[in-house]
Amino acid sequence: MVDITRWATDHAVDLRTVELDVQSETSIAAAITNIVNENGCLDVVVHNAGHMAFGPAEAFTPEQFAQLYDINVLGAQRVNRAALPVMRRQAQGLLVWVGSTSHRGGTPPLLAPYFAAKAAMDALAVSYAAELAPWGIETSIVVPGAFTGGTNHFLHAGEPADTARQGEYDTGPTAGLPDDVLKNLAACEPPDADPASVARAIVDVVDTPFGHRPFRVHIDPSDDGCAVVNAVADRIRAEFLRRIHMGDLLSPRQKGVVHHGK
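Below is a short write-up of the structure. (Residues numbered from 1 in each chain as written. Predicted model: local features only at pLDDT ≥ 70, side-chain atom pairs only at ≥ 80, totals over all residues. Heavy atoms only, no water.)

**Overview of the environment of Ile71**
Link 1 in the chain: Here Ile71 lies in helix H3 (residues 62-90).
Link 2 in the chain: The sequence separation of Ile71 and Ala49 amounts to 22 residues, and the corresponding C-alpha distance is 7.1 Å.
Link 3 in the chain: Residues contacting Ile71, with those up to four places away along its chain left out, are Val22, Gln23, Ala49, Gly50 and His51. (Helix = DSSP H or I, 4+ residues; strand = E, 2+ residues; numbered from the N terminus. Contact = heavy atoms within 4.5 Å.)

Right, dumping it as structure tokens:
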């Protein structure tokens, strides 16, 4: 927080921090209350909290899977339950979900708990989008690809708790696979791949006028194919909603008027 305060001072911007633990409903409620009390509204929520795990799927315990799911999926649900009543009263707002191309693109091995959680988060975001549109609340899903440099995502990744199972993979037919995964992922990235491009994409989404924000934005220098699969999936979703006479749920309502087109 000291670094952020100093940066705000040095750049003459009004940037304030509020402590929020996505695993604590008490912390979330206090943070949302603080923001609304200071500003009188809540315009945007960015679901960016997440944690990675790296290793053989079998070597992670069910409790580790649940822990990762708790951070990457249930954390967003806790924040929504605190933030959305405010946004629904306003009849306008924006949820930005920071997902991952891993849920539908190229999926290298040894990242199963993270990929599973990100897939669940994306499904949750898509469902919320239709439910919140009549309230005037927009949804944008920002979908980054793998950035092996410039972040501590892989460096701080969780490891399997079952070290005996881990050892069997390390000395069996998959010996050396972790190094190959990291090396080959890095080789897919162009030299100018910059994780800050994800932050810039989020800023662009927020700056876009209401009613014109994209449903998805992909930032994937490695081009793992997720954008192609999502384009098909999102088209089918839109076509099906229109087929069941709910196409109006594809666009947010300016004044939160709830109705279904026939």
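**As for the nonpolar core**
Link 1 in the chain: Within the largest apolar cluster, 25 residues are counted, with the highest numbers of intra-cluster contacts made by Leu42, Val45, Leu84, Met87, Leu95 and Trp97.
Link 2 in the chain: Excluding residues that lie within four positions of it along the chain, Val45 makes contacts with Val79, Ala83, Met87, Leu94, Leu95 and Val96.
Link 3 in the chain: Counting residues in hydrophobic clusters, the runner-up holds 13 residues, among them Ala53, Tyr114, Phe115 and Leu185. (Core = buried A, V, L, I, M, F, W, Y, C linked by side-chain atoms within 4.5 Å. Buried < 20%, exposed > 50% of the residue type's maximum accessible area, 1.4 Å probe, protein only.)

**Some points on the pattern of salt bridges**
Link 1 in the chain: Evaluated as defined, the whole model comprises 13 salt bridges.
Link 2 in the chain: Two residues, Arg165 and Asp162, come together in a salt bridge whose shortest N-O distance is 3.7 Å.
Link 3 in the chain: Of the residues examined, Arg165 reaches a relative accessible area of 34% and is grouped as partly exposed.
Link 4 in the chain: A relative accessible area of 25% places Asp162 in the partly exposed class.
Link 5 in the chain: Here Arg200 ties to Asp194 by a salt bridge, and the two come within 3.5 Å at their closest N and O atoms.
Link 6 in the chain: Each of the salt bridges in this network shares a partner with another, and the network as a whole consists of Asp14, Arg16 and Glu38. (Salt bridge = Lys/Arg side-chain N within 4 Å of Asp/Glu carboxyl O.)

**Section: a nonpolar patch on the surface**
Link 1 in the chain: Among the surface-exposed residues, Ile4, Trp7, Val13 and Leu15 lie close enough to one another that they form a single nonpolar patch of about 340 Å² accessible area.
Link 2 in the chain: Position of Leu15 among the secondary structure elements: in the loop between helix H1 (2-10) and helix H2 (25-39). (Patch = residues over 30% accessible without salt bridge, like charges linked within 9 Å, V, L, I, M, F, W, Y side chains within 5 Å. Areas by Shrake-Rupley, 256 points an atom, 1.4 Å probe, with all protein chains shown as cover.)

**Concerning the sheet that holds strand E2 (residues 93-98)**
Link 1 in the chain: One open sheet holds the four strands; their spatial order is E1-E2-E3-E4, and the pairing between them is parallel. Looking at strand neighbours, the two that pair on one side only are strand E1 (44-47) and strand E4 (216-219), the edges of this open sheet. Mean inter-strand twist for the sheet, computed between neighbouring axes without regard to direction, equals 15°.
Link 2 in the chain: Two strands pair when backbone bridges link them, and E2 and strand E3 (residues 137-144) are joined in this way by six bridges, in the parallel orientation. Along E3, the bridge assignment pairs Leu94 with Glu138.
Link 3 in the chain: Strands E1, E2, E3 and E4 of the sheet are contacted by helix H4 (residues 112-132), whose axis makes an angle of about 165° with E2. (Pairing = 2+ DSSP bridges. Axes fitted to C-alpha atoms, helices over the stretch in contact; angles between N-to-C directions.)

**Focus: H2**
Counting along an α-helix, one turn takes 3.6 residues, and residues three or four places apart therefore face a common direction.
Link 1 in the chain: End to end, H2 covers 21 Å across 15 residues, agreeing with the expected 21 Å (1.5 Å per residue, within 8%).
Link 2 in the chain: Of all the residues in H2, the buried ones are Ser27, Ile28, Ala31 and Ile32. The buried residues of H2 occupy an angular sector of 125° when the element is viewed end-on, so they sit on one face. Within H2, the exposed residues directed more than 90 degrees away from the buried face are Glu25, Thr26 and Asn37. (Expected span 1.5 Å × (residues − 1). Arc of directions from axis to C-beta.)

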